[in-house]
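# Structure assessment
So you can see what is in the structure, the chains are spelled out below.
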Amino acid sequence: MPFPFWITGVPFSWYLILSAVLFTLGVAGFLFRRNIITVFMSIELMLNAVNLSFVAFSYKLGQNDGHIFSFFVMVVAAAEAAVGLAIILTVFKNRQTLEIDEVSSLKN
Amino acid sequence: MPYIVLSLIKTLIVVLVLMHTLAYLQWVERKVIAHVQLRVGPRRVGPHGLLQPLADVIKLVTKEGMIPSHVNTPFYFLAPFIAVLFALIPMCLIPYGGDINLFGIHTTMQVTDVSIGVLLVLGLSGMGVYGVALAGWASNNKYSLMGGLRSSAQMISYELPMALAIAAPLLMLNTLSFRHMVDAQTGFYFGFLPKWAIFQGPFPQIFSFILFSIAGFAETNRVPFDLPEAENELVAGFHTEYSSMSFAAFFMAEYANMVTVSCVATLLFLGGWQPLWPAEYGSSFLPSLIFLASAVICFLHAARPARPFDRITLPVFGVLFLIIAGVFLIPPVQQILIPLFWFGAKVGGILFVFIWVRATLPRFRYDQLMRFAWTFMFPAALINLFITGLLVAVS
Amino acid sequence: MDAVLFLVFAAIAVVCAVNLVIQTHPIASALSLIGVMGSLAFVYLQLGGQFIAAAQLVVYAGAIMVLFVFVIMLLNEGKERKVKMRLWVRWAGLPLLALFIALMAFIVQRVLPAQQSVKFGAFTSGDAQSIGTKLFTAYLLPFEVTSVLILIAIVGAIVLARKEID
């Protein structure tokens, strides 16, 4: 790393590190949280982290294809959120709970 | 760092003017509604109640801020902050006039020119819903919660027709930057009809303008779509539990949103700061004429004073108006002031319609509101966009 | 300047993401996620992605998250129950997570040459015009397929959520 990095710009790897950190936190939230909506939001966080690396690589390669991929990711996330939240509403309607561990009637 | 200094000065001017506009907009609203309903409105504080906003601000600042014991405190305080923040940020993306060349400095009458201005304003003003929704939820009160829920549903529903109505003129103007958008509306058809988007070929955007205005009423929670704060069913909706400054914050956010919507409508559909008729026919003398007429009226009334102190105040205002009329005629200043005047006149006209509608129309019922959004607004905006796209592609 | 701005927004994003994971009330998590998305929009701007930054604000922060907040408020479930964790999970989980992140950062740093630096304004094909041109020429089929996908999602959501909650 050249020493006065605040003059030469941001090292490219920082963007990927930020993306990796956010993705890991998303995975952690997905594993630790028990509220189905929070779990869903952790998935959105992971999608965001992936989008960041798409855009960062797009910068590195000098093409805007990465921007288009992340745009598609957003569109699919919107569709996913609509259907997912409808499913959550239905689950809550049937079971009166949002705890992921309680929704396990297929288990035993 | 001339750029930073210049930006700071511009920000300061915008903030000062905006704050006074917001305060006086409330005075104008009370006056207009009063006159529509054959009352006189505020007139105790200052001449014609002109100092009423000052009195209101002093009252709101010095009042005790009550925190109800059952609220969710962090979110309760966060909500008005979010509402004001996202109502004020779009202001720095809006251009108020053309270029300025003064003392060798060249700049634009805009805090910052962004090439994706429209999208950013749309996105940022869409974030304002969190303030309302959060206020409703954090108040821990069933009326507030209903208000917050209604507000989020309403804003999601009306954002779609609004975005579609914005997309149609964008197809014709072919840019996302507000400044270029106004440039694309310069000129006149047949020498007199301005090339504003609502008159411009191939498809005059009058329908988009109407749809945008209706959606704008809903986005700013104004009558007839003020369901989130419907006082005869929800007490005061989402801000039932708020008092003093946090209440004033919601109030300010509502007015700031109104100003933003009016500015965007002016820039997109009404040609921004382009005059109504060409300068050859003397459109640049209109502001002077208006102020001259106001001065004459003041002097006439001063000759027959209704109250003793009118003998002093009216001539003072008359001289003031005469000075302003003169300032509009000085050539270097004229270059700056004439676009500002036209922009302000158009925005003021739309704001007047906002107030006029509030004084006139009753409130929708909630199911009517939703049905209107999804069965009329959305298809109409879609068809309008389709026809515009087709005609733009053909021509 | 670039690095300072990046560090500020990256810090906001990471703090908000951590907050998302540790908060027990879904509405606090939702607000943190909005914070992450907003600061990521600024990072996109720095990378030259004007259009994608605006789309991030309009679609993600302005539409999807409103839907989340709306559902959270509609169900109004309150805080999450405390779950019992095993002892070693409780004590070793956080250090292991930090170790994992540090390891990943180290690997990324080593694999990528650090000389390459990102400057604001060096990437110009992220504006709406270039994105639109590419979207409607090279990526026309995926674009149309996503529109069908959204249609299916709308129908699915309506079918699933049609009945009133009592």
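Because the structure is predicted, anything quoted here is derived from the model rather than measured.

### Some remarks on the overall build of chain C
- When helices and strands are tallied, chain C shows 6 helices and 1 strand.
- For chain C, the α and β elements follow one another from N to C terminus as α-α-α-α-β-α-α.
- Taken over C-alpha atoms, the radius of gyration comes to 20 Å for chain C, far larger than the 15 Å a tight globule of 166 residues would show.
- Accessible surface, chain C as shown: approximately 9,200 Å² in total, 72% of it carbon and sulfur.
- Put simply, chain C has 11 plus and 7 minus side-chain charges, and the middle of one group is 15 Å from the middle of the other.

### Comments concerning the arrangement of the chains
- Inter-chain contacts occur across 2 pairs of chains; the most extensive set of contacts lies between chains A and C.
- At no point do chain A and chain B touch; the closest pair of C-alpha atoms across them sits 12 Å apart.

### Overview of the interface of chain C and chain B
- Each side of the interface is counted separately: chain C has 21 residues, and chain B has 22 residues.
- Across the chain C to chain B interface the summed buried area is about 2,000 Å²; carbon plus sulfur atoms make up 83%.
- On inspection of chain C and its partner chain B, the count reaches 0 salt bridges.
- The interface formed by chain C and chain B contains 3 residue pairs in polar contact (both at pLDDT 80 or more).
- Among the elements of the structure, α2 (26–46) and α3 (50–75) of chain C are those that each provide at least two residues to the side of chain C that touches chain B.
- Tallied by class, the residues present in the side of chain C that touches chain B amount to 17 nonpolar, 4 polar and no charged.

### Considering the domain arrangement of chain C
All names here are of chain C.
- For chain C, the assigned domains are domain 1 (1–81) and domain 2 (125–166).
- Relative placement of domain 1 and domain 2: their C-alpha centres are 22 Å apart.
- Note on domain 1 versus domain 2: buried area summed over both sides is about 350 Å², and carbon and sulfur give 74% of it.
- Looking only at domain 1, the three residues that lose the most surface to domain 2 are G48, Q50 and F51, adding up to 75% of its buried area.
- For the pair domain 1 and domain 2, the number of links is 0 salt bridges.
- Where domain 1 meets domain 2, there are 0 residue pairs in polar contact (both at pLDDT 80 or more).
- Of the residues in the side of domain 1 that touches domain 2, the class split is 2 nonpolar, 3 polar and no charged.

### Focus on helix α11 (residues 286–303) of chain B
Residue and element names in this part refer to chain B.
- For α11, built from 18 residues, the straight-helix expectation of 26 Å at 1.5 Å per residue is met to within 8% by its first-to-last C-alpha distance of 26 Å.
- Taken residue by residue, α11 has P287, S288, F291, A295, C298 and A302 as its buried positions. Take α11 and look down its axis: the buried residues cluster within an arc of 100°, on one side only. Residues of α11 that are exposed and angled more than 90 degrees away from the buried face: L289, L300 and A303.
- For α11, the secondary structure elements touched by its buried residues are α12 (310–327) and α13 (331–360).

### Structural notes on the environment of M377 of chain B
Residue and element names in this part refer to chain B.
- Tracing the backbone shows M377 in helix α14 (residues 366–394).
- Sequence separation between M377 and K346 is 31 residues; the distance between their C-alpha atoms is 25 Å.
- Once residues within four sequence positions are removed from consideration, M377 is found in contact with Y158, P161, L211, I214, A215 and F372.

The rules behind the values
- Residues numbered from 1 in each chain as written.
- Chains lettered and ligands numbered in written order.
- Predicted model: local features only at pLDDT ≥ 70, side-chain atom pairs only at ≥ 80, totals over all residues.
- Heavy atoms only, no water.
- Helix = DSSP H or I, 4+ residues; strand = E, 2+ residues; numbered from the N terminus.
- Rg over C-alpha atoms; globule rule 2.2 N^0.38 Å.
- Areas by Shrake-Rupley, 256 points an atom, 1.4 Å probe, with all protein chains shown as cover.
- Lys, Arg positive; Asp, Glu negative; His and termini not counted.
- Charge placed at Lys NZ, Arg CZ, Asp CG, Glu CD.
- Contact = heavy atoms within 4.5 Å.
- Buried area = accessible area lost by both parts, 1.4 Å probe.
- Salt bridge = Lys/Arg side-chain N within 4 Å of Asp/Glu carboxyl O.
- Polar contact = N/O pair within 3.5 Å; in protein donor to acceptor, adjacent residues only side chain to side chain.
- Nonpolar A, V, L, I, M, F, W, Y, C, P; charged D, E, K, R; others polar.
- Domains from an automatic or database assignment.
- Expected span 1.5 Å × (residues − 1).
- Buried < 20%, exposed > 50% of the residue type's maximum accessible area, 1.4 Å probe, protein only.
- Arc of directions from axis to C-beta.

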